[in-house]
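# Observations on the three-dimensional arrangement
Below, each chain spelled out in residue letters.
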Amino acid sequence: MNIDWAALGTVFGVSLVATVALVGLFTLGIVGLSRQPEPAAQGGTAGGSLLAARAGAYVCFGLCAAAVAYGIYLIVA
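So, here's what we can say about the structure. (Residues numbered from 1 in each chain as written. Predicted model: local features only at pLDDT ≥ 70, side-chain atom pairs only at ≥ 80, totals over all residues. Heavy atoms only, no water.)

Another point: the packing of helix H1 (residues 5-33) against helix H2 (residues 47-76). Interhelical geometry of H1 versus H2 gives an angle of 150 degrees and a closest axis separation of 8 Å. For the element pair H1 / H2, the angle class is roughly antiparallel. Where H1 crosses over H2, the two elements pack in a sense that is left-handed. Contacts from Leu22, Leu25, Phe26, Leu28, Gly29, Ile30, Gly32 and Leu33 of H1 reach H2 at Ala53, Arg54, Ala57, Tyr58, Cys60, Phe61, Leu63, Cys64, Ala67 and Val68. (Axes fitted to C-alpha atoms, helices over the stretch in contact; angles between N-to-C directions. Helix = DSSP H or I, 4+ residues; strand = E, 2+ residues; numbered from the N terminus. Parallel < 35°, antiparallel > 145°, perpendicular 65-115°, else oblique. Left-handed = near helix turned anticlockwise from the far one by under 90°. Contact = heavy atoms within 4.5 Å.)

Tracing the chain through its elements places arginine 54 in helix H2. As a C-alpha pair, arginine 54 and leucine 33 span 21 residues in sequence and 5.5 Å in three-dimensional space. Discounting residues that sit within four places of it in the chain, arginine 54 has contacts with Gly32 and Leu33.

Here's what the structure looks like:
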């Protein structure tokens, strides 16, 4: 039995980077959705900030879904 250690290391490295990136994107999405509007008593209008955070969260979730769909495509095709 002959193991190609370079190919195994490459697969391990790419898998590790992809996993960390996917978990990081999902975490950013959760953080974006967990933003709460600031109380109006402090004189701040957080509508724009809240909208940007929510839009960024949806973009992160969309990228996660695209990465998962691409992985399924690679397995099936």
